[in-house]
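Observations on the three-dimensional arrangement
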Amino acid sequence: MLEPGDSAPEITLTDHRGETVTVDPAAAAHTVVYFYPRADTPGCTAEACAFRDEWDAFEDAGIAVVGISDDPVEDLEPFAAEYDLPFTLLSDPDGEVSSAYDSYGEKQMFGNTFDGVFRNTYVLDGEGTVVLAYEGVSPEDHAVEILDDIAALED
C-alpha cells in the first residue's frame, strides 16, 4: 500500500466514454482514487452507488472521484449509465496503474487463482500527495467514511 506522504503515481487511462483521461490532482481540493474489482457486481455496485448518493457533498467540498478497475471500456459505459454515476470510471485492463498503486495482484476466488484489482482507495491532495489510504474497504459505507476523514484533515 502507498502511505500518506507518498507521491501518487500518474494516472492516464481510457474512461467509460472511450476518451483518454489524465487525472490532475491540482484540479480539485482532493481527489479520491478508488480501485474496485469488477463493474456491475454487488459490492462494486454498492460502492459506486454510495459515491453517487453522496455526490453533492463531494462536489460541495471540491472533491473529485475516479473509479478504476481492469474492466474493458465496453463494460464500464453501461455500468456508469445504468447507475447514473456522475464521476469518471477508468479502464486499466493490464493492471499497470493499479499495480503502481499497490492495488493489483494475485487473488483467489472459488478455488481459482488469478490477477485482479484489490478494493483499495487513496485520497490525494492538490499536490498529488497521498493524504489518506484505505485497504480492503467495506463498499457500503466507504463514501461517507471518506467525506468524514477529509473533513477531519481540514480541522
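Before going into details, it helps to say that this report is about the structure given with it.

Calculation rules
Residues numbered from 1 in each chain as written. Predicted model: local features only at pLDDT ≥ 70, side-chain atom pairs only at ≥ 80, totals over all residues. Heavy atoms only, no water. Helix = DSSP H or I, 4+ residues; strand = E, 2+ residues; numbered from the N terminus. Buried < 20%, exposed > 50% of the residue type's maximum accessible area, 1.4 Å probe, protein only. Contact = heavy atoms within 4.5 Å. Core = buried A, V, L, I, M, F, W, Y, C linked by side-chain atoms within 4.5 Å.

1. A closer look at unusual backbone geometry
- Phi is positive for Asp40, which is not a glycine, with a value near 65 degrees.
- With respect to the element layout, Asp40 can be found in the loop between β3 (30-35) and α1 (42-53).
- Here the phi dihedral of Asp84 falls at roughly 50 degrees; this positive angle occurs in a residue that is not glycine.
- Here Asp84 is to be found in the loop between α3 (73-82) and β5 (88-91).

2. A closer look at the environment of Ala50
- Its location among the elements puts Ala50 in helix α1.
- Judged by relative accessible area, which is 11%, Ala50 ranks as buried.
- Sequence spacing of Ala50 and Glu19 is 31 residues, and the spatial spacing of their C-alpha atoms is 25 Å.
- Ignoring any residue separated from it by four or fewer positions in sequence, one finds Ala50 in contact with Pro139, Glu140 and Ala143.

3. A word on the side chain of Ser103
- As for its position among the elements, Ser103 is in the loop between α4 (96-100) and β6 (104-109).
- Apart from residues no more than four positions distant in its own chain, Ser103 is found in contact with Phe35, Ser98, Gly116, Val117, Phe118, Asn120 and Tyr122.

4. Considerations on the nonpolar core
- If you look at the biggest cluster of nonpolar residues, it comprises 28 residues, and the most contacted ones within it are Val32, Tyr34, Phe51, Phe58, Phe87 and Leu89.
- Of all the elements in the fold, those that place two or more residues in this core are β3, α1, α2 (55-60), β4 (63-69), α3, β9 (130-134) and α5 (142-153).
- Counting residues per element, this core draws most heavily on α1, which supplies 5 residues.
- Look past the residues within four positions of Phe58 in its chain and what remains in contact with it is Val32, Phe51, Ile63, Val65, Ala143, Ile146 and Leu147.
- In terms of nonpolar packing, the next biggest core, distinct from the first, is built from 16 residues, Ala8, Ile11, Phe35 and Leu90 among them.

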